[in-house]
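Letter by letter, the chains look like this.
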Amino acid sequence: ETGVTQTPRHLVMGMTNKKSLKCEQHLGHNAMYWYKQSAKKPLELMFVYSLEERVENNSVPSRFSPECPNSSHLFLHLHTLQPEDSALYLCASSQDRTGGIVYGYTFGSGTRLTVV
Amino acid sequence: LAKTTQPISMDSYEGQEVNITCSHNNIATNDYITWYQQFPSQGPRFIIQGYKTKVTNEVASLFIPADRKSSTLSLPRVSLSDTAVYYCLVGDEDNAGNMLTFGGGTRLMVKP
């Protein structure tokens, strides 16, 4: 257990479904992130939140919609996904957006998403 | 953001010392060097970080030469459980957002 908890661990959804991924941290961190890791590809940064405000969106399709209601929780809402969206989705947090470089980023175990 | 280059994969045997080198030729003055470890179906885990010379913790050592254009992660006496992907990242607090880009990493396979 790293201090960053992601649920569910596994998710299978159809292309017309709507689902949400949840991330929770009680480390007192102020920055949270969503990453996507496809098979045999590098980690791709999707979204960055700092103090509950979105500060970065790396050209992610609108079928992915993040939400950060408070500094401890981060959601990724999914709708009308494609099979190529199947991947491991990782949540991470850091003390603050700049503190991560000094104190490191803490990752959750991820949600393995399969779109059928 | 200083681009990093690492070997795609490495093989080793239990009990051996493993050294993984990362090249970062255009590292900036304020950049730190950080290494992460990732097991299958898990998120990356912070291993070690340094700025210059040598850093050691309970998991690994990090060697950084004077010109800082490369760094070497050293894992002493590896075991099967050290089989993982190891990532080298370079960045500073001013562009920490850009630091969040992971490269392909080095896939280490430890054999019995």
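Look a little higher up for the structure.
Residues numbered from 1 in each chain as written. Chains lettered and ligands numbered in written order. Predicted model: local features only at pLDDT ≥ 70, side-chain atom pairs only at ≥ 80, totals over all residues. Heavy atoms only, no water.

Further remarks concern the overall build of chain A. When its secondary structure is counted, chain A shows 1 helix and 11 strands. For chain A, the succession of helices and strands along the chain, N to C, is β-β-β-β-β-β-β-β-β-α-β-β. A globule of 116 residues ought to have a C-alpha radius of gyration of about 13 Å, and chain A, at 13 Å, matches this closely. The principal-axis extent of the C-alpha atoms belonging to chain A is close to 40 × 25 × 25 Å. For chain A, the residues scored as buried account for 48% of the 116 residues in total. Look at the contacts in chain A between residues 6 or more apart in sequence, and 56% of them connect residues 24 or more apart. Working note: accessible area of chain A is about 5,400 Å², and carbon and sulfur atoms make up 48% of it. Looking at chain A, you have 11 positive and 10 negative side-chain charges, and the mean spots of the two groups are 10 Å apart. (Helix = DSSP H or I, 4+ residues; strand = E, 2+ residues; numbered from the N terminus. Rg over C-alpha atoms; globule rule 2.2 N^0.38 Å. Buried < 20%, exposed > 50% of the residue type's maximum accessible area, 1.4 Å probe, protein only. Contact = heavy atoms within 4.5 Å. Areas by Shrake-Rupley, 256 points an atom, 1.4 Å probe, with all protein chains shown as cover. Lys, Arg positive; Asp, Glu negative; His and termini not counted. Charge placed at Lys NZ, Arg CZ, Asp CG, Glu CD.)

All right, on to the state of the cysteines then. Inspection of the entire model under this criterion finds 2 disulfides over all chains. What pairs with Cys23(A) in a disulfide is Cys91(A), and their sulfur atoms sit 1.9 Å apart. Every disulfide takes its handedness from the sign of the S-S torsion; for Cys23(A) and Cys91(A) that torsion is -75°, giving left-handed. With Cys23(A) in strand S3 (residues 18-25) and Cys91(A) in strand S9 (residues 87-94), the pair connects residues that are 68 residues apart, well separated along the chain. Cys91(A) gets classed as buried once you look at its relative accessible area, which sits at 0%. In this model, Cys22(B) is linked to Cys88(B) through a disulfide, with the two sulfur atoms separated by 2.2 Å. Here Cys22(B) and Cys88(B) share a disulfide; its torsion about the S-S bond, -80°, makes the bridge left-handed. Of this pair, Cys22(B) sits in strand S2 (residues 18-23) while Cys88(B) sits in strand S8 (residues 84-91), placing them 66 residues apart in sequence. As far as the burial class goes, Cys22(B) and Cys88(B) line up, both buried. (Disulfide = S-S within 2.5 Å.)

Another point: the interface of chain A and chain B. Interfaces are often described in size by the accessible area the parts lose on coming together. In this assembly, 21 residues from chain A lie in contact with 21 residues from chain B. Between chain A and chain B, a total of about 1,700 Å² is buried, with carbon and sulfur atoms accounting for 59% of that surface. Connecting chain A to chain B are 0 salt bridges. One can count 5 residue pairs in polar contact (both at pLDDT 80 or more) joining chain A with chain B. Counting only elements with at least two residues in the side of chain A that touches chain B, the list comes to strand S4 (31-37), strand S5 (44-50), S9 and helix H1 (100-103) of chain A. Of all the elements, S4(A) adds the most residues to the side of chain A that touches chain B, at 3 residues. When the residues that make up the side of chain A that touches chain B are grouped by side-chain class, the tally is 12 nonpolar, 5 polar and 4 charged. (Buried area = accessible area lost by both parts, 1.4 Å probe. Salt bridge = Lys/Arg side-chain N within 4 Å of Asp/Glu carboxyl O. Polar contact = N/O pair within 3.5 Å; in protein donor to acceptor, adjacent residues only side chain to side chain. Nonpolar A, V, L, I, M, F, W, Y, C, P; charged D, E, K, R; others polar.)

The next thing to look at is unusual backbone geometry. Here the residue pair Thr7(A) and Pro8(A) is connected by a cis peptide bond, since its omega of -10° sits within 30 degrees of zero. Position of Pro8(A) relative to the elements: it lies in the loop between strand S1 (4-7) and strand S2 (10-13). Its identity is not glycine, yet Ser41(B) carries a phi of approximately 60°, on the positive side. Relative to the elements of secondary structure, Ser41(B) occurs in the loop between strand S3 (32-38) and strand S4 (45-50). Under the relative-accessibility criterion, Ser41(B) is labelled partly exposed at 39%. Here the phi dihedral of Thr53(B) falls at roughly 55°; this positive angle occurs in a residue that is not glycine. One can find Thr53(B) in strand S5 (residues 53-56).

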